[in-house]
Amino acid sequence: MNITVKTGGFNQEQSDVIAIGVLENPDFYSAPLQTIDQALGGRIRERMNLGDFTGKLKTTSWLYTNGAITAPRVLLVGLGEYHDLTTEKVRQTAGHAVRTIRDMGLRNAAVPMPNEATPEMIQAAAEASLLALYQFDEHKTGNDDEDEKKKLESITFLTESDHSQAMVEAAAQRGEVIANGTLLARDLSNQPANYLTPTQLAEKAEAVAEATGLGCEIFDKATLEEKGFRTLLAVAQGSAEEPRFIILEYTPDGEGQDTVVLVGKGITFDTGGISIKGGSGMHEMKHDMSGAAAVIGAMQVIGQLKPNVRVIGLVAATENMPSGTAVKPGDVVTSYGGKTIEILNTDAEGRLVLADALGWTAQYNPKGVIDLATLTGAVIGTLGHIAAGALGTDPELMAKVKSAAEKTHERVWELPLWDDYDEAVKSKVADVQNIGDGTAGTIAGGAFLKKFAEGYPWVHLDIAGTAWGMKGATYIPEGASGYGVRLLVQLVEDW
């Protein structure tokens, strides 16, 4: 869908519908709303006075203009109470509105922007409009379902002056760039594992780097063996597909900028290995590389927005398969940094590949490291599909993550990572074991990773509950959510 911005009134706008936001307080009318109401002979105020439409959040009402204006329809969209209006409520409203318009089979819409709209709200509206209409239909052929053919092709934001047009264009373009990074992450996560092997994921990352001017380096199996990525190789040894380690780098102009490292778990399919999962729901394990998808999507956005921070994106990518060559429960492997790991459960593989990635990270002397991983089912039992679990070693970095999460509404909830939990991951035969004692599973995963995230500020985000099946947002459809892209971009830009 295309988003355009132009100066001018709605009266002569050639569109299928004029969509206009309405606050719940009937005494507060924006200038565009007043003008539309006058053109329609007061029908909007009449409808509100009768209580047929109140402006309650995410409610809609259709009006037919009967030639009073060029557009044949007006869609009233409830924004809720003025004092409760936030950027997230703008996202929710925009997402609901564009889906309503699409489901009517309409192709284009115009949205008059009031002067009261902030750049953040305009960005939120553009983001949500693109995110809400996302569909993953790459592998569908010859579908005759009429609903599948409904496509909203364009939205035009109308502004009142050239000055406001420049502001709206900048905010809308920013929203579009960030949304496209999120859509890339959704596409990667939704892709079946036979279409997205570790090699193909690396090729996608190379394409992003080429398009946005990022540095890119890919380690193949031979290079991983040479450099000592032994835990990544251990997870990979049961699969016919070779592993890859992806490095994306954005360096701004000038010198002396801080370095932030983003690390993503890239298990392109997870059977559990020898500790094999049950068959029910295993198809969803194509999403087990959602942390990697978020990092690649965020790096695409960072390459376009060009913040004044050096950013490194790292992805450890492999399949986790059972075979005669697969790593076995009880095996001991040595990580990139030299620590030994007893593998008690081969289905706790994400933390193994991250152990090598986090060890590799230290060479960049980063001021902050954030890893994202669909690490534990336990986090879903704790936080559901609403928030990611956050654990870390640096309160200042954790505060930055929380602040970014509040702005993007990609919620996080901090869990404790006290030294008391270290006992659960102590091994009798190695430096550490890859599962805990059966309690506090999400925290045990964090306690394990902490052993390898040494020498720098670090926060781990367990996104197993938010990477797909996320609840409560009109702009997040079924399937992959793209969680984390917007949060990471906000964190970097706030740095």
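Above this text sits the structure in question.
Residues numbered from 1 in each chain as written. Predicted model: local features only at pLDDT ≥ 70, side-chain atom pairs only at ≥ 80, totals over all residues. Heavy atoms only, no water.

Chemist: Before we move on, can you summarise empty space enclosed by the protein with the specific residues and values?
Modeler: Scanning all chains against the criterion turns up three cavities of 30 Å³ or more. Around the largest cavity, the lining residues are Leu131, Thr182, Arg186, Glu410, Met470, Tyr475, Ile476, Ser481, Gly482, Tyr483 and Arg486. Among the residues making up the lining of the largest cavity, the classes are represented as five nonpolar, three polar and three charged. Here the second largest cavity is characterised by a volume of approximately 50 Å³. Together, Arg91, Gln123, Glu127, Ile178, Thr408, Arg486, Val489 and Gln490 line the second largest cavity. Broken down by secondary-structure element, the contributors of at least two residues to the lining of the second largest cavity are helix 4 (119-132) and helix 14 (485-494). If you tally residues by element for the lining of the second largest cavity, the top one is helix 14, at three residues. (1 Å grid on protein atoms, 1.4 Å probe; cavity = no way out; pocket = protein on both sides within 12 Å on 5 of 7 lines; lining within 4 Å. Points joined across faces, edges and corners; volume = space filled by probe spheres on them. Nonpolar A, V, L, I, M, F, W, Y, C, P; charged D, E, K, R; others polar. Helix = DSSP H or I, 4+ residues; strand = E, 2+ residues; numbered from the N terminus.)

Chemist: Could you give an account of the environment of Gln200, with specific residues and numbers?
Modeler: As for its placement among the helices and strands, Gln200 is situated in helix 6 (residues 198-212). Relative accessible area serves as the criterion here: at 28%, Gln200 is assigned to the partly exposed category. Residues Gln200 and Phe452 lie 252 residues apart in sequence; the distance between their C-alpha atoms is 28 Å. Gln200 has contacts with Asn194 and Tyr195, leaving out every residue within four places of it along the chain. (Buried < 20%, exposed > 50% of the residue type's maximum accessible area, 1.4 Å probe, protein only. Contact = heavy atoms within 4.5 Å.)

Chemist: Which residues make up the side chain of Thr346, and what values do they have?
Modeler: Among the structural elements, Thr346 can be located in the loop between strand 12 (340-342) and helix 10 (350-361). Engagement of the side chain of Thr346 in a polar contact is seen with the backbone nitrogen of Ser275, the distance being 2.8 Å. (Polar contact = N/O pair within 3.5 Å; in protein donor to acceptor, adjacent residues only side chain to side chain.)

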